[in-house]
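Here's the letter readout for the chains.
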Amino acid sequence: MWKKSKQVNRSNHTQFIKSTAQQLGFDFCGIAKAQKLDDDARRLEQWLNKGMHGKMQYMEKYFDQRIDPSMLVHNARSVITLMKNYFPSQHQNADTPKVSKYAYGKDYHEVIRKKLNELIVLMRKNIGEINGRGFVDSAPVLERSWAQRTGLGWIGKNGNLINKQNGSFFFIATLIVDIELQYDDAFAKDYCGTCTKCIDACPTDAILDNKIVDGSKCISYFTIELKDEILPEEMKGKFQSWMFGCDVCQDVCPWNRFSKPNDEKAFSALSEILNFSAKDWEEMTEESFKIIFSNSPLKRSRFKGIQRNLKFIEGT
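All figures in this text were calculated on a predicted structure; none of them were measured in a lab. (Residues numbered from 1 in each chain as written. Predicted model: local features only at pLDDT ≥ 70, side-chain atom pairs only at ≥ 80, totals over all residues. Heavy atoms only, no water.)

Undergrad: Pulling in residues and values, what's your account of the packing of aromatic side chains?
TA: Here the distance between the centres and the angle between the planes together describe a pair of aromatic rings. Counted by the stated rule, this structure contains 22 aromatic pairs. Each ring, one from Tyr102 and one from Phe244, has its centre 6.2 Å from the other, and the planes form 45°; the classification is tilted. Note that Tyr102 is positioned in the loop between strand S3 (98-99) and helix H4 (108-126) and Phe244 in strand S8 (residues 242-244), a separation of 142 residues in sequence. For the pair Tyr102 and Phe244, a shared accessibility class is recorded, and that class is buried. (Phe/Tyr/Trp six-rings, centres within 6.5 Å; stacked < 30°, edge-to-face > 60°. Helix = DSSP H or I, 4+ residues; strand = E, 2+ residues; numbered from the N terminus. Buried < 20%, exposed > 50% of the residue type's maximum accessible area, 1.4 Å probe, protein only.)

Undergrad: Can you break down the pairing of strand S2 (residues 78-85) residue by residue, with the values?
TA: With eight of eight residues buried, S2 lies mostly within the body of the structure. Alternating residues of S2 divide into Ser78, Ile80, Leu82 and Lys84 and Val79, Thr81, Met83 and Asn85, and every residue in both groups is buried. With six bridges connecting them, strand S1 (residues 28-33) and S2 associate as antiparallel partners. Within the sheet, the bridge partner assigned to Phe28 lies in S2 and is Met83. Pairing between S2 and strand S7 (residues 170-177): eight bridges, direction antiparallel. Across the sheet, Thr81 pairs through a bridge with Thr174, a residue of S7. (Pairing = 2+ DSSP bridges.)

Undergrad: Requested: an account of the nonpolar core, with residues and values cited.
TA: If you look at soluble globular proteins, the nonpolar side chains tend to sit buried side by side. Grouped together as the largest cluster of nonpolar side chains are 46 residues, with contacts concentrated most on Ile80, Leu82, Trp281 and Leu298. Listed by contribution, the elements that provide at least two residues to this core are helix H1 (2-23), S1, S2, H4, S7, S8, helix H9 (271-275) and helix H12 (302-314). Per-element accounting of this core gives the leading share, seven residues, to H4. Residues contacting Leu298, with those up to four places away along its chain left out, are Val99, Ala103, Phe244, Ile273, Trp281, Phe289, Phe293 and Ile306. (Core = buried A, V, L, I, M, F, W, Y, C linked by side-chain atoms within 4.5 Å. Contact = heavy atoms within 4.5 Å.)

Undergrad: Outline H12, supporting the account with residue identities and numerical values.
TA: Taking 1.5 Å of rise per residue, the 13 residues of H12 would be expected to cover 18 Å, and the 18 Å separating its terminal C-alpha atoms lies within 8% of that figure. Within H12, the full set of buried residues consists of Phe303, Gly305, Ile306, Gln307, Arg308, Asn309, Leu310 and Phe312. Contacts from the buried residues of H12 go to helix H7 (219-225), S8, helix H10 (278-283) and helix H11 (286-292). Among the residues trailing H12, Gly315 stands out with phi positive, at a value near 75°. (Expected span 1.5 Å × (residues − 1).)

Undergrad: Now, about H4: what can you tell me, with residues and values included?
TA: For H4, built from 19 residues, the straight-helix expectation of 27 Å at 1.5 Å per residue is met to within 8% by its first-to-last C-alpha distance of 27 Å. One or two residues past the end of H4 sits Gly128, with phi positive at roughly 130°.

Undergrad: Go over unusual backbone geometry, please, and point to the residues and values.
TA: If you check the backbone angles, Asn75 has positive phi at about 60° while not being a glycine. Structurally, Asn75 is set in the loop between helix H3 (63-67) and S2.

Undergrad: Explain the environment of Tyr221 to me, using residue names and the numbers behind them.
TA: Structurally, the position occupied by Tyr221 is in helix H7. Note: C-alpha distance between Tyr221 and His53 (168 residues apart in sequence) is 8.9 Å. Residues contacting Tyr221, with those up to four places away along its chain left out, are His53, Gly54, Lys55, Met56, Gly215, Ser216 and Leu226.

Undergrad: Could you give an account of the environment of Pro232, with specific residues and numbers?
TA: Turning to its location among the elements, Pro232 is positioned in the loop between H7 and S8. By relative accessible area, Pro232 is classed as partly exposed at 21%. Along the sequence, Pro232 and Ile212 sit 20 residues apart, while their C-alpha atoms lie 22 Å from each other. Beyond its immediate chain neighbours, meaning those up to four positions away, Pro232 contacts Phe222, Leu226 and Phe312.

Undergrad: Lay out the sheet that holds S1 with the relevant residues and their values.
TA: As summarised here, the arrangement of the four strands in space is S1-S2-S7-S4, forming an open sheet in which the pairing is antiparallel. Of all the strands in the sheet, the pair left with one neighbour each is S1 and strand S4 (132-135). Mean inter-strand twist for the sheet, computed between neighbouring axes without regard to direction, equals 20°. Sitting on the sheet, H4 is in contact with S2, S4 and S7, with an inclination near 35° to S7. (Axes fitted to C-alpha atoms, helices over the stretch in contact; angles between N-to-C directions.)

Undergrad: Outline the environment of Asp39, supporting the account with residue identities and numerical values.
TA: Examined against the element boundaries, Asp39 turns out to sit in helix H2 (residues 38-49). Counting along the chain gives 28 residues from Asp39 to Ile67, while the straight-line C-alpha distance between them is 9.2 Å.

Undergrad: Run through the pattern of salt bridges, naming residues and quoting values.
TA: Inspection of the entire model under this criterion finds 13 salt bridges. The closest approach of N and O atoms between Lys299 and Asp107, which form a salt bridge, is 3.2 Å. With Lys299 in the loop between H11 and H12 and Asp107 in the loop between S3 and H4, this residue pair connects regions lying 192 residues apart in the sequence. According to the relative accessible area criterion, Lys299 is partly exposed, its value standing at 33%. A salt bridge links Arg300 to Glu225, with the nearest nitrogen and oxygen atoms 2.5 Å apart. Here Arg300, found in the loop between H11 and H12, pairs with Glu225, found in helix H7; they are 75 residues apart in sequence, far enough to count as distant. The structure contains a network of salt bridges with shared partners spanning Arg10, Arg77 and Glu180. (Salt bridge = Lys/Arg side-chain N within 4 Å of Asp/Glu carboxyl O.)

Written out as structure tokens, the structure reads:
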């Protein structure tokens, strides 16, 4: 009787979490049993040993926490993965310096963190005292691995999680909790097949075989992560006008023909990103940059970084 009651609770709690996540605006919610990611640990270690993280030293830190959820939440039992669509309804003018679609609107960290916090509050109110932590690309969590384990998609050759119905333009958030829930089946199939469009299209040859992405060659790495004053000379002419991030491997992915425009107001594109010409960006002052992009992911590159990237793609 006690065992049956426990199963009913798990079922009720799981249903509550999934329906509440939907009400809060998340497009997908999957749940996996919290356990150590041994296979991912080996792959991450090899990737780091080959220096594919470039100068992103933070990738070397907290290795154990990345692969073991119990290191982040005491007595972790479940890992909840939440996905939020960011595919835009509007696109940049053809002659504008390119910005990755995830950065068209407000900083997703703030938007999704707010929703995660609301979810945790509602869980505690309706389920009981829960020890849990939410993560939005801001802590050592292998989000895509957990998304695959919760049945939300497979990891493609470009390293992105691909959902069969909606493609790959999603933010992924992770919530680790100390309660047992009903677990979804892992996504076992890989629907990339023999397609190599992302590998063939990558301007800097950053996508290798066996789903390995050399982060130190990625345009997003150069335009966002790398803080050097001068970008490598050997990359001249390869950025295809990408000023902040890069979407080439997602744009060519056949599964993204199923992408649908998001309905999140906070992700509405700034008119400056859609319409600013290279001249507009060049004439922008640091003060106006800070005002216009105060809530934008572009602030991560700062005014100096944007100007550096702009000069690089312009060949000056």
